[in-house]
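# Summary of structural features
The residues making up each chain are set out below.
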2 protein chains.
Amino acid sequence: MNGQTRLSWTDVRDEIRARILSRTYAPGDKLPRDEDIAIELGCARTTVHRAMQDLSQIGLVERKRKGGTHVMTDPVTRATFDIPITRREVEQRGSKYGYQLISSTLDDTPMPVMARFGIHKPCQMLHVKALHLADNRPYIFEDRWVNTRSTPDILNVDLEVESANEWLVRNKPYSRVDVRFYAMNAQGESAKYLSTTAGTALLVIERTTWIGQDPITSVQAVAAPGYQLTALN
Amino acid sequence: MNGQTRLSWTDVRDEIRARILSRTYAPGDKLPRDEDIAIELGCARTTVHRAMQDLSQIGLVERKRKGGTHVMTDPVTRATFDIPITRREVEQRGSKYGYQLISSTLDDTPMPVMARFGIHKPCQMLHVKALHLADNRPYIFEDRWVNTRSTPDILNVDLEVESANEWLVRNKPYSRVDVRFYAMNAQGESAKYLSTTAGTALLVIERTTWIGQDPITSVQAVAAPGYQLTALN
DNA sequence: AATATTAATATGTAACTACTTAATTTTGTC
DNA sequence: GACAAAATTAAGTAGTTACATATTAATATT
């Protein structure tokens, strides 16, 4: 902030953000031009530009060519979550990771799964059910469908040893992913494998991935009771 | 991609990402130096640098000074969610927004709420319960605590007319937010106001905000049955 | 051989220049 | 006055130069 060392773009970002928080620039307001801010703060326009790009990505301001920069009227809360492979998630909690294959069969994809993939023709896929454990206690029950057309190699993997989760993440990069969270009552298999009573509210993390247009896999990861997803920062 | 127009940093980013997806650069691999990539692609180092920064933020690569750039070994799925004010969320779904204040009282903060704020001394806060509706049907039941020390103005707001959600977002910017998602069984008030039977699994979005060190507010937003959170992209 | 010093290296950052692009405002024409 | 063309504006982008900084590797010192 003092004149000793010159301003970095993060300094400029923090300064502008502080002004927005203190309502020097109020919601809906138009900010000065990048160049004027640069002159005021004593830095180059590129530095202000870099700062503004960040604020724009965070969703604090909106920028338009010629239109200038405006403070967003209704700021949205933007939350980012990292979903690592389950092994790492467990290990990062300081717990011992365990894994157990429940079943692996070739089945016709049911309608809801076809809907997730956005496909209309029924086809066979590998249907894998597995349980991830933390300190020998159930952690996540996963119900996964793998497209054997796009990922034939999965058939040669010994899923008793390596989880489909891990193998896919390491060997099958995707270009698009759909992630959604919702709540579900424990029932049948989810209750059984997560050692809970039917009816317990469980958090579900559903992920579907594609490479180009081709579906790869879709998982329903049902977390054990009490599981919380926490945003970064 | 052709030589006609020069490469933008997003072009470079996409090219590098494509190489990572196609395993030209496999997980764990060290990428060439920025400068060499720049020479290869025929652009400036700064352009490659900007691309790499983005890939690093996405979580696809890891960069270290002198150490160079490495492809992440276990790529994490990074999901970003926008949580707008509830009115806008409802309106964006094309539904009619409704709002109903249930109660607004000054209460002693219970332990779990103190824990969320990270404070140890008990104190009084404004305790607001409200219901958000979409097309006259319950949409989100919110149970909120507002720190009257940091936000005394809330006491002058007519919460029958304007929701605390909206007033706070518009009038009380925060510098830090904690967001977490979990599942909860409907019971008591949540069941009653969301017009569902006790036991139904419900998704809860919990948000706590601070300005500097001062707690502002903490909400438990309990969504109606069937609610799904979908990541951007 | 163990440790401290120095050199080399790749990324990080900022300034300046030059040009592009989208959008708005002004001007000109009918 | 309505509409089209031109000028203006502010952000977007890329290149170049210069230097900072963290980390590793090489070298010298004990």
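Above: the structure in question.
The paragraphs below set out a description of the structure included in this document. What you see is a predicted model, and the numbers here were worked out from it, not measured in a lab.

Turning next to the overall build of chain A. What chain A contains, in helices and strands, is 7 helices and 10 strands. Since a compact globule built from 233 residues should have a radius of gyration of about 17 Å, the 24 Å found for chain A marks it as more spread out than a globular shape. Referenced to the eigenvectors of the C-alpha coordinate spread, the extents of chain A come out at roughly 65 × 40 × 30 Å. Burial analysis of chain A (233 residues in total) assigns 50% to the buried set. Within chain A, counting contacts between residues at least 6 apart in sequence, those at least 24 apart form 59% of the total. Split by element, the accessible area of chain A, about 11800 Å² in all, is 47% carbon and sulfur.

In the superposition of chain A on chain B (RMSD 0.2 Å, axial shift 0.0 Å), the rotation amounts to 180 degrees. Such a combination of turn and shift is consistent with a two-fold rotation axis. Mapped onto chain B, 98% of the interface residues of chain A are again interface residues, and the two copies thus contact each other with one and the same surface.

What follows covers the protein's contact with DNA strand C. Around DNA strand C sit 22 residues, and of these S8 and T47 of chain A together with R45, R63 and R65 of chain B come closest. Near the protein, within 4 Å, the atoms of DNA strand C are sugar or phosphate in 78% of cases. Contact distances for DNA strand C include 3.4 Å between a base oxygen and a side-chain N or O atom of R65 of chain A. A distance of 2.6 Å separates a sugar or linking oxygen of DNA strand C from a polar side-chain atom of R65 of chain B. Elements with a contribution of two residues or more to the surface near DNA strand C: helix 3 (45-58) of chain A together with helix 3 (45-58), strand 1 (61-64) and strand 2 (68-71) of chain B.

On to the sheet that holds strand 5 (residues 124-134) of chain B. Spatially, the 7 strands line up as an open sheet ordered 10(A)-7(B)-8(B)-9(B)-6(B)-5(B)-4(B), and their pairing is antiparallel. Looking along the sheet, the strands with just one partner apiece sit at the ends: strand 10 (228-230) of chain A together with strand 4 (97-108) of chain B. The average angle at which neighbouring strand axes cross in this sheet is 15 degrees, direction not considered. The pairing of strand 4 of chain B with strand 5 of chain B spans 11 bridges and is classified as antiparallel. Within the sheet, the bridge partner assigned to Y99 of chain B lies in strand 5 of chain B and is H132 of chain B.

Here we come to the packing of helix 1 (residues 9-21) of chain A against helix 2 (residues 34-41) of chain A. Residues and elements named next belong to chain A. In the contact formed by helix 1 and helix 2, the axes pass within 12 Å of each other and the chain directions differ by 105 degrees. Relative to helix 2, the element helix 1 lies roughly perpendicular. In this structure, helix 1 contributes V12, E15, I16 and R19 to the contact, and helix 2 contributes I37, E40 and L41. Across the contact of helix 1 with helix 2, the residue classes tally to 4 nonpolar, no polar and 3 charged.

Around DNA strand D, 22 residues are found, and the nearest of them are R45 and R63 of chain A together with L7, S8 and T47 of chain B. Protein-proximal atoms of DNA strand D, defined as those within 4 Å of the protein, fall in sugar or phosphate at a share of 78%. In this structure, a phosphate oxygen belonging to DNA strand D sits 3.2 Å away from a side-chain N or O atom of H49 of chain A. Between DNA strand D and R63 of chain A, the relevant distance is 2.4 Å, taken from a phosphate oxygen to a side-chain nitrogen or oxygen of the residue. Mapped onto the surface near DNA strand D, the elements with two or more residues apiece are helix 3, strand 1 (61-64) and strand 2 (68-71) of chain A together with helix 3 of chain B. Among the residues forming the surface near DNA strand D, the class breakdown is 4 nonpolar, 7 polar and 11 charged.

Calculation criteria
- Residues numbered from 1 in each chain as written.
- Chains lettered and ligands numbered in written order.
- Predicted model: local features only at pLDDT ≥ 70, side-chain atom pairs only at ≥ 80, totals over all residues.
- Heavy atoms only, no water.
- Helix = DSSP H or I, 4+ residues; strand = E, 2+ residues; numbered from the N terminus.
- Rg over C-alpha atoms; globule rule 2.2 N^0.38 Å.
- Buried < 20%, exposed > 50% of the residue type's maximum accessible area, 1.4 Å probe, protein only.
- Contact = heavy atoms within 4.5 Å.
- Areas by Shrake-Rupley, 256 points an atom, 1.4 Å probe, with all protein chains shown as cover.
- Least-squares fit on C-alpha atoms with pLDDT ≥ 70 in both.
- Near = heavy atom within 4 Å.
- Polar contact = N/O pair within 3.5 Å; in protein donor to acceptor, adjacent residues only side chain to side chain.
- Pairing = 2+ DSSP bridges.
- Axes fitted to C-alpha atoms, helices over the stretch in contact; angles between N-to-C directions.
- Parallel < 35°, antiparallel > 145°, perpendicular 65-115°, else oblique.
- Nonpolar A, V, L, I, M, F, W, Y, C, P; charged D, E, K, R; others polar.

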